[in-house]
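# Fold and geometry: a report
Spelled out from the first residue to the last, the chains are:
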Amino acid sequence: MDIARKHFITNSIRIKNGKIFLNKETILSLDPKIDFSQFLKDAYKQLALKYPKYHKMDSLCKLGVLGSTILLRDQDFTENTALVFSNASSSHDIDIKHKQSMESIVSPAVFVYTLPNIVLGEISIKHKLQSENVFFIEDQFNADLLVDYSETLLKSGKASSVVCGWIELKNDQYDVLLCLVSNNGEIPFTREKLEELYRFDNE
Amino acid sequence: MSDLRTELKQSIIVQLNLEELTIEDIDNNDSLFGDGLGLDSIDALELIVLLEKDYGIKLTDPNQGKEIFISINKMAEYIESHRTK
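In this report, we go over the structure that sits alongside the text. (Residues numbered from 1 in each chain as written. Chains lettered and ligands numbered in written order. Predicted model: local features only at pLDDT ≥ 70, side-chain atom pairs only at ≥ 80, totals over all residues. Heavy atoms only, no water.)

All names here are of chain A. One pass over the structure, following the stated rule, counts nine aromatic pairs over all chains. With a centroid separation of 4.8 Å and an interplanar angle of 20 degrees, the aromatic rings of Phe36 and Tyr174 are classed as stacked. Here the residue Phe36 occupies a position in helix α1 (residues 36-46), and Tyr174 occupies one in strand β7 (residues 173-182), the gap between them amounting to 138 residues. For the pair Phe36 and Tyr174, one class covers both residues: buried. For the ring pair Tyr44 and Tyr54, a centre distance of 4.7 Å and an interplane angle of 25 degrees mean the geometry is stacked. With Tyr44 in helix α1 and Tyr54 in the loop between α1 and α2 (59-72), this pair connects stretches of sequence that are 10 residues apart. Members of the aromatic cluster, joined through ring pairs, are Phe36, Phe39 and Tyr174. Positioned above the aromatic ring of Tyr54 is the side chain of Lys62, whose terminal nitrogen or guanidinium carbon lies 5.7 Å from the ring centre. (Phe/Tyr/Trp six-rings, centres within 6.5 Å; stacked < 30°, edge-to-face > 60°. Helix = DSSP H or I, 4+ residues; strand = E, 2+ residues; numbered from the N terminus. Buried < 20%, exposed > 50% of the residue type's maximum accessible area, 1.4 Å probe, protein only. Lys NZ or Arg CZ within 6 Å of the ring centre and 35° of its normal.)

With that settled, the discussion passes to the pairing of strand β1 (residues 8-16) of chain A. Residues and elements named next belong to chain A. A large share of β1 lies buried, amounting to seven of its nine residues. One ladder, built from two bridges, connects β1 with strand β8 (residues 187-188); its direction is antiparallel. If you follow Ile9 over to β8, its bridge partner there is Ile187. Judged from the four bridges that link them, β1 and strand β2 (residues 19-22) form a sheet pairing that is antiparallel. Bridge pairing in β2 places Lys16 opposite Lys19. In textbook terms, the turn of a hairpin is the stretch between consecutive antiparallel strands, and for β1 and β2 this stretch comprises two residues, one of which, Asn17, has a positive phi near 50 degrees. (Pairing = 2+ DSSP bridges.)

Below you can see the structure in the form of structure tokens.
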């Protein structure tokens, strides 16, 4: 165990209001008025995801796979990269869709996404991760929780790096911040820095 | 005959969200699973739902799917002889 080791926010991605920012730089800007499903399709095409399974996923998983793929693109990470995610609305949108489908014949492809932590599985499959993962439901973005849990995993040696953050989706309103935390980088992995990244374009 | 096969391809593309495929990409004899279209176990369950919704065919044993969901041709043959709507 190396308690003294410092960790850094190596990379961060923000997805909100039709825009995607990588390390605060705009990499995609679409009309915020476009339909959410269209935003997910356009982002997939324009950012060249090339992962057909994406189209089968629910919107929460699409956000997670989209965000993590851009976040981890060209990054040095191992299968031991843990996932520490959180949101307020759990799997709200797909739960509603599932409830509506119960009026006729239930769709298995909808039902399988009715848990928030499915996004962790989809990201693990996409990036071949075999690591610790956890999904917290919190009333609001909680930087303390993300830092504490991620640091515990890193300092105990259970993870070599961590992707942590907030992936909120309710009634097609989305708000995502994901950070790659590792030994590399210049931004210290602290509550203050995490909150600063979350507040970016969130005022 | 061929209309049912075209209809099936269209339904499969829509129901299974195969957005990057078109009807022309699917041959009537292509394997639906494995090296063909690469469908998975959840897709198999969706195909069972599709048979019931669109053709009134209720499969009580999911294992029947292994013999029916081999290709578009096999599915069409089964539907032609078992459909109730």
